[in-house]
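Coordinate analysis (summary)
Below, each chain spelled out in residue letters.
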There are 4 protein chains.
Amino acid sequence: MLQSSYPFYLANKAVFANQDLAVTNKYSNQVATHVAMASVTDIDNAITAADKAKHAMQAMPAYKRQAILQHCIERFKARYEELAYALCIEAGKPIKDARGEVTRLIDTFQIAAEEATRIYGEVMPMDISPRAEDYQGMWKRVPIGPCSFISPFNFPLNLAAHKIAPAIAAGCPFILKPASLTPVSALIVAEILAETDLPEGAFSILPCHRDGADLFTTDERLKLLSFTGSPDVGWALKAKAGKKPVVLELGGNAACIVDHDTDLEDAVQRIIFGAYYQSGQSCISVQRIIVHESLYDEAKARLTAAVNNLVMGDPLDESTFIGPMISEKEASRLHGWIEEARAGGANVLAGGQREGAMLEATLLENVKPDMSISSQEAFGPVAILSKFSDFDAALDEVNNSDFGLQAGIFTKDIYKAYKAWDVLEVGGVVIGDVPSWRVDHMPYGGVKDSGLGREGVRFAIEDMTELKLLVLRTPK
Amino acid sequence: MLQSSYPFYLANKAVFANQDLAVTNKYSNQVATHVAMASVTDIDNAITAADKAKHAMQAMPAYKRQAILQHCIERFKARYEELAYALCIEAGKPIKDARGEVTRLIDTFQIAAEEATRIYGEVMPMDISPRAEDYQGMWKRVPIGPCSFISPFNFPLNLAAHKIAPAIAAGCPFILKPASLTPVSALIVAEILAETDLPEGAFSILPCHRDGADLFTTDERLKLLSFTGSPDVGWALKAKAGKKPVVLELGGNAACIVDHDTDLEDAVQRIIFGAYYQSGQSCISVQRIIVHESLYDEAKARLTAAVNNLVMGDPLDESTFIGPMISEKEASRLHGWIEEARAGGANVLAGGQREGAMLEATLLENVKPDMSISSQEAFGPVAILSKFSDFDAALDEVNNSDFGLQAGIFTKDIYKAYKAWDVLEVGGVVIGDVPSWRVDHMPYGGVKDSGLGREGVRFAIEDMTELKLLVLRTPK
Amino acid sequence: MLQSSYPFYLANKAVFANQDLAVTNKYSNQVATHVAMASVTDIDNAITAADKAKHAMQAMPAYKRQAILQHCIERFKARYEELAYALCIEAGKPIKDARGEVTRLIDTFQIAAEEATRIYGEVMPMDISPRAEDYQGMWKRVPIGPCSFISPFNFPLNLAAHKIAPAIAAGCPFILKPASLTPVSALIVAEILAETDLPEGAFSILPCHRDGADLFTTDERLKLLSFTGSPDVGWALKAKAGKKPVVLELGGNAACIVDHDTDLEDAVQRIIFGAYYQSGQSCISVQRIIVHESLYDEAKARLTAAVNNLVMGDPLDESTFIGPMISEKEASRLHGWIEEARAGGANVLAGGQREGAMLEATLLENVKPDMSISSQEAFGPVAILSKFSDFDAALDEVNNSDFGLQAGIFTKDIYKAYKAWDVLEVGGVVIGDVPSWRVDHMPYGGVKDSGLGREGVRFAIEDMTELKLLVLRTPK
Amino acid sequence: MLQSSYPFYLANKAVFANQDLAVTNKYSNQVATHVAMASVTDIDNAITAADKAKHAMQAMPAYKRQAILQHCIERFKARYEELAYALCIEAGKPIKDARGEVTRLIDTFQIAAEEATRIYGEVMPMDISPRAEDYQGMWKRVPIGPCSFISPFNFPLNLAAHKIAPAIAAGCPFILKPASLTPVSALIVAEILAETDLPEGAFSILPCHRDGADLFTTDERLKLLSFTGSPDVGWALKAKAGKKPVVLELGGNAACIVDHDTDLEDAVQRIIFGAYYQSGQSCISVQRIIVHESLYDEAKARLTAAVNNLVMGDPLDESTFIGPMISEKEASRLHGWIEEARAGGANVLAGGQREGAMLEATLLENVKPDMSISSQEAFGPVAILSKFSDFDAALDEVNNSDFGLQAGIFTKDIYKAYKAWDVLEVGGVVIGDVPSWRVDHMPYGGVKDSGLGREGVRFAIEDMTELKLLVLRTPK
């Protein structure tokens, strides 16, 4: 059960300042709980506290940072079902997927706990030219300082965890703004963080209005901005970020190629998962399915049948595969794109209907590349089918996008696989599977409009630390 | 001898478009040569060509990238004195220092040639959780794409080389804007690059007006902006850089601590070099000398005598240590700061006079921390002396700055050395020497207002490449 | 309490074959329990089983290897006091030290659990010369195969753990021979390993007679021999090891320099610990204390007083610091060396008496370098004091040894510290502390007669794996 | 032209001690030159000198080690044809292959020159448990000391270079015994090394009788034995090597699988090269060709025709592909194996005749696995053809060998390629090519009876260096 209200956390402490943010059950549309909203002053105070905490965080030995993360893991295990329930309610996430996300939250903290003691530097020869003969050197990584985090609604726990856990591992204080639609699960994490020995100011988790959130971007005491969310918002923040570096994990219209030698039974199962899992509300959801002509008709028949079989309903129901989208507004936006495509000549093979935030799993063909449903990020339970005859042309089609996060290639041909690795303009290529696959330690992130930088705990820690050199001259 | 005029290089080719930029001998103030200026259209064409060249650059095997860099090294050696002479004339750099910079140019290209075949990726276990059991993965680094480079006047060769050489090693096309006051030596490099097999469009070196230069910052076909220059300009560019990441190598007011156990004879010699070498026009020139009270009087006497002994004159003269500053404007600006300090109660221990661009090597004491000569970047032949009694307080004084590039600590105490490494807010700490020390492979760059990112060939290559993941799923 | 008897473990299973090995309480000399001894046939069967298990071990995903190690950690925590008690009885280890060893056992397994998912390989450019243009490559680490382990009596748990835990992390089956004097605690570990999903044959822990143990060295199905113990035995095994590589962790006569700027109060406390901790039965116990002449008298007085204050008695007593040596034979051997030194002119400053296996903590001075007590490994509660005036000569004195494991240097001088790092012929130099310091992830091992190779989990894993290259040629 | 006699090099100096070793032209069997042989006393003196040189070598800055290697490269280029000619005469190596080896000699020294400045260590967190809170640590690699090298006749230059060049890069003095049949080219390298600034004693290159060579193995002042040659000799040396670690690069009976989807035209060309290049006298020569049944007849026809077309003759002739084997004894040994196979039912598809040391390129089928020509290392121009229907069974057949150096797999199937990487018991798997492929920086070496350790410059340097730890305790 959710509590009737939740505080925000400012400088490690719960603040029951107000109940200004009503959080709805995304399926029933009923208000499920209320959450305190942070004011601009609260955010400013949180930054002040983070800035004060930076030395204590930097000085904290590795084993303590590890122990704090391990405490969180213990507590996540203890509150596993509560966290899954919160996700199910506030995000409308089918309960099985919600449990999967809690499992990944634990994975992410586990990886971070292990990385906390593995932040290596380098001893490097300095005497590489005569004028450096009397010098030796080494460098280590030091925390970059207070970090600013903004996390999205689609994985309210794990995509917050991909910022929080590395920050603790690295020794950086942080302030985090969870998505306003789904603040609850991050606040439960905050409650658990508050049980630890983190120095005061080490963390603040602050639901807030977008305008109040400006300080997350502009305040110069913050030394890194890490944002996961929509491309438009992300790129706009970069321009306002002042002196701090920016990590952006944005979206895409991920493609999946199914070549002639594919085992269709396996591929269809994976594609259905990749395209419709949690209503396609994932940055690496399969949006474009590009099938070799020899398999096209069979693939179409199987995919259509499989989409029609997906169970839609209350996310709390164990049998539900398709729940609501995050909001009626989003469902309506995407339904409009389907209708636009249909009007432009596309074929709706399955689904296509909407009721409130409930959009059916939908499969289209004959979509033109410049239609919104193809060229924009769908971020919902919609995929489009097209056919290819030449593999290289299929790779070009994958690249024919403003985005470039991940791509999936069903092929058994090693040369095609390695060519895809070479020429696809994406952060990652998955062979024999959908682009939607991620494990939480791997380098993850996009090129082109899909973002900047890589997450995956070790890689996030790199962004949260700076190289610091020590040179020793030994006078002769 | 300089040629009577120099072309710019657009898409690997010399273009004798005009002779619009008069380059003066910085000592005599006579026009020494003329250089063609690129228009906005030229820059746009160069970017188009770079964008077209990106696939050819990415596909170029490592040994070819290495061979191109080795060709440059051979040619730099052959044209060694010509390059040194060009530096001496266009930058007013004493001829010995100019030769030293050509040597470092060669070092930088040598390091890059060696790194070109060492851009490693990683095979990483993917099976770290049950749901990843059937997966394996690896990542490599791929070139980020066309790069935009802006280089400064104080090391017209080597600070351009720190961008050019890693770009070639990494496989990135680039456009470079040399400083308008000192474009000649970079154009000689361009002439040499034009002799190589670099694919058309791989490089353009384009002197241009600052407004025309906007495309260097804003064009979205450019995937990285790497700027070396003044803090104000650098930070302003970051806000306009659009979607591309930005590397900034800016300046500082570097400090040097001289603790009680220092061998003063050695330290004075190093400090004189660190503070007045090429008239202090280095990002890591010693500006603030903080001496333990037990050595203060002796250090003051020795430093004053040494400054008074520095030979000022024509940089072409082998005996000259102090030549002109880059311009009368800059000399006047800095002389004004000296006068401001004198007026505010500071003691001028040596120097302090100016004639045109010739500013005497100057040593001050009793300077207040908020005076421009202390708090701003001097970037000229001026240093200020102060005293400390407590080492920790001296570290605080080093940190009492908007900047943080490098710091030098003369101490023999390992605990003080390591504490300095821990607490100083800088990119690098040099023990037993001045902050002004750099060898071209080491990670180099600042924190706070001194910049963003690290150069030093291997580290620059990291910024010029992106991680690209390959995952292989093996269905059971 | 100990059980009345313990089985050995052959191919993961307890075998109550006999009760042939009586294990005594090292303090009371009473038989404490009986342990089954493995025959040559048992050992041969264990090797056969390990060889059969190698493919299953290699194929085990990383998360399972991690989970097995985590299970052990949970169980070690649950049986913490039992393990400490077993150590106390079978090794005569003071109970506080015994608990410390169990804590380190847990550390070692924890580090290994974390490393199990971090066995990285490398993607390397192959196209470094024209003839390699069409090639790319990568390598990974694969388990070396069945390993042979022999562990010593002085840390019956943790020095076995330094072999067992990396083997599981790396995916290698193993057979382990614990020291015959102290087999019990390793058998408790075996009991815990038997609870896991390790494939049959993955481990055998086999107390056995030395002659039966030949197969541990000679059998060619075993792909690595890792031995921790005495130098004589270790080097003899290397010659008989056939085709397998050999890791040897042997002993030494570790030295500690106390320079003139040392805080004696701190140093004396550390040296007493380093020299007499668990009766000096550690490979890196302080044996030679080399003090600057300016501090010699004071150091002598303080050390003598401190040694005289050490409490000797029953290791089960919480206040005991000095318990028995491992056997009367060993105590007698070492007492003989003391007497030999005394006869040769050495001064016994403290201790020097023996009763059975109880040898007093002993401090000597005026020992000649070629006396056994100086040149051989004492491996007991004895240290010798000498004086130096020149630091470089003190470094030479440290090097004047057949051994080279670790050295400790109390100095604050960074140049002396780094010189020690350069010139001492040892595996590790500890500044500001005794040579006796070790944390379980650091690279640990000796040069000269002190051994071959490095332990410390990540480094042990390197020895237990082999590089395996994959090259892909892409025909044009 | 060869000189009429060559000295050996002892402690960097040419010693014209005698002319005891007559070196023949392997094609004409005429004596081509005489070489001085080192006595046991000479070898002992060389070791003494190497031991004395170890500190000077360790102290030599990286840029000097690099410069020495670069000098060698310049001189190899200048004496390119002379080196190729020497190889051609003394090894009977076809002149084109001889030139190829000189090119690789240069590659190997080039890689080593670049690695000389890249011997990195690590800064590692020590504070991973409470008891380590006040500690920090780092390690570097230091030279292991004087090395003992024994190199073979088949690549008299490049396989010596794989020991010499890394030793110089790492800072190790060395003594090298070239093969008695082919000492000349290594002595030319020695002549070039003698021109450099290497400290006296840094190198000795000593042709000698096998019994005199015992010191190479047994002398304890030598800290590493690195041997390339035949398995029997190699493994025997390991047992006599005393305390030093041993690297063994031995031979094998390398296999190559040709799967059903192979482009035969390409594969046949590569296999002919891989099997008969320099008369198959390479450790990774193709000995076993395992072809999918669907391609078998076609592959047999093409291979037979291609073998019959190979030109045999004087290695000095530019058109010669097959020259003599190293000796009549070796040719006779291998011819005997052919005859044994023929007698046992094998089919000689091409070749099979011998005249003196000239053995025809020979192709067999219907060979039984236990015949010498299959199970032993042929080390000559002989390959055997067999067929498979099931890919997994073909992998088993590759593994059905005492050896395991490299394997080649012609397949386009990514799952077969990765399975081969997983299950083949070899040091390297080459996809789309023969096992005979090597580039000089890659990790190279075998498992099972094929050896111990990896060469490839960076990997050889790892064996020639030891980790040396520095720990700094900071008392509270």
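Residues numbered from 1 in each chain as written. Chains lettered and ligands numbered in written order. Predicted model: local features only at pLDDT ≥ 70, side-chain atom pairs only at ≥ 80, totals over all residues. Heavy atoms only, no water.

Before going further, it helps to examine the interface of chain B and chain A. Taken together, the contacts link 67 residues of chain B with 67 residues of chain A. Summed over both partners, the interface of chain B with chain A buries about 5,700 Å², with 55% contributed by carbon and sulfur atoms. Inspection of the chain B/chain A interface yields 10 salt bridges. Notably, a salt bridge pairs Asp440 of chain B with Arg131 of chain A, separated by 3.6 Å at the nearest N-O pair. Here chain B and chain A share 42 residue pairs in polar contact (both at pLDDT 80 or more) between them. With eight residues, the single largest contributor to the side of chain B that touches chain A is strand β25 (residues 465-473) of chain B. Along the lines of polarity and charge, the residues of the side of chain B that touches chain A split into 36 nonpolar, 10 polar and 21 charged. Where strand β25 (residues 465-473) of chain A meets strand β22 (residues 428-431) of chain B, four bridges bridge the pair, whose relative direction is parallel. The residue of β22 of chain B that forms the bridge with Leu472 of chain A is Ile431 of chain B. (Contact = heavy atoms within 4.5 Å. Buried area = accessible area lost by both parts, 1.4 Å probe. Salt bridge = Lys/Arg side-chain N within 4 Å of Asp/Glu carboxyl O. Polar contact = N/O pair within 3.5 Å; in protein donor to acceptor, adjacent residues only side chain to side chain. Helix = DSSP H or I, 4+ residues; strand = E, 2+ residues; numbered from the N terminus. Nonpolar A, V, L, I, M, F, W, Y, C, P; charged D, E, K, R; others polar. Pairing = 2+ DSSP bridges.)

The next point concerns the pairing of strand β22 (residues 428-431) of chain D. Residues and elements named next belong to chain D. Taking every second residue as pointing to the same face, both faces of β22 are buried, with Gly428 and Val430 on one and Val429 and Ile431 on the other. Relative to β22, strand β21 (residues 406-410) is paired through four bridges, and the arrangement is parallel. What sits directly across from Ala407, in β22, is Val429. Running through helix α14 (residues 414-423), the crossover from β21 to the neighbouring parallel element β22 is right-handed. (Buried < 20%, exposed > 50% of the residue type's maximum accessible area, 1.4 Å probe, protein only. Right-handed = clockwise from strand over helix to strand, strands pointing away.)

Least-squares fitting of chain A to chain C yields an RMSD of 0.0 Å, with the superposition described by an axial translation of 0.0 Å and a rotation of 180°. The superposition of one copy onto the other is thereby described by a two-fold rotation axis. In terms of proximity to the rotation axis, the leading residue of chain A is Glu114 of chain A, whose C-alpha is 2.9 Å off the axis. A share of 95% of interface residues in chain A that are also interface residues in chain C marks the association as one of identical surfaces. (Least-squares fit on C-alpha atoms with pLDDT ≥ 70 in both.)

Let us look at the relation of the copies chain B and chain A. With an axial shift of 0.0 Å and an RMSD of 0.0 Å, the rotation relating chain B to chain A amounts to 180°. Taken together, the interface assignments show that 100% of the residues at the interface of chain B recur at the interface of chain A, consistent with an identical surface on both copies.

Quick look at the UniProt feature "active site" (unreviewed entry) in chain A now. With numbering matched to this structure, UniProt assigns "active site" (unreviewed entry) to Glu249 of chain A. Excluding its chain neighbours within four sequence positions, the residues that come into contact with Glu249 of chain A are Phe227, Thr228, Gly229, Tyr444, Gly445, Gly446, Ser450, Gly453, Arg454 and Glu455 of chain A. (UniProt positions renumbered as here; feature names shortened; annotations may be inferred.)

Moving on, we get to the UniProt feature "domain: Aldehyde dehydrogenase" (unreviewed entry) in chain A. The UniProt record marks residues 20-468 of chain A with the feature "domain: Aldehyde dehydrogenase" (unreviewed entry), using the residue numbering of this structure. Its end C-alpha atoms 44 Å apart, residues 20-468 of chain A is made of 41% helix and 20% strand.

So, about the sheet that holds strand β4 (residues 21-24) of chain C. All names here are of chain C. Pairing is mixed across the open sheet formed by three strands, whose spatial order is β1-β5-β4. Looking at strand neighbours, the two that pair on one side only are β1 (5-6) and β4, the edges of this open sheet. Taken together, the two bridges between β1 and strand β5 (residues 31-35) define a ladder with parallel strand orientation. Looking across to β5, one finds that Ser5 is bridged to His34.

Before going further, it helps to examine the domain arrangement of chain A. All names here are of chain A. Taken domain by domain, chain A holds domain 1 (5-250 + 451-470) and domain 2 (255-439). Computed over C-alpha atoms, the centres of domain 1 and domain 2 are 31 Å apart. The interface of domain 1 with domain 2 comprises 27 residues on the first partner and 23 residues on the second. Together domain 1 and domain 2 conceal approximately 2,200 Å² of surface at their shared face, both sides included; 60% is due to carbon and sulfur atoms. Sorting the residues of domain 1 by area buried against domain 2 places Tyr27, Pro94 and Phe153 first, and these three jointly supply 24% of that buried surface. The shortest N-O distance in the salt bridge between Arg99 and Glu318 comes to 2.7 Å. At the boundary of domain 1 with domain 2, the tally comes to eight residue pairs in polar contact (both at pLDDT 80 or more). Secondary structure elements with two or more residues in the side of domain 1 that touches domain 2: α3 (80-91), α4 (95-115) and α5 (158-170). For the side of domain 1 that touches domain 2, the residue count by class is 13 nonpolar, five polar and nine charged. (Domains from an automatic or database assignment.)

Between chain A and chain C, the residue contacts involve 20 residues of the former and 20 residues of the latter. When chain A packs against chain C, close to 1,700 Å² is buried across both sides, 51% of that on carbon and sulfur atoms. Among the residues of chain A in contact with chain C, Arg118, Tyr415 and Tyr418 of chain A are the three that bury the most area, contributing 31% of the side total. Where chain A meets chain C, there are four salt bridges. A salt bridge links Arg118 of chain A to Glu115 of chain C; the nearest nitrogen and oxygen atoms lie 2.9 Å apart.

All names here are of chain B. The strand order across the open sheet built from three strands is β1-β5-β4, with neighbouring strands paired in mixed fashion. Each of the sheet's edge strands pairs with one partner strand only, and the pair in question is β1 (5-6) and β4 (21-24). Examined bridge by bridge, β4 and strand β5 (residues 31-35) share four bridges and lie antiparallel to one another. Looking across to β5, one finds that Leu21 is bridged to Val35.

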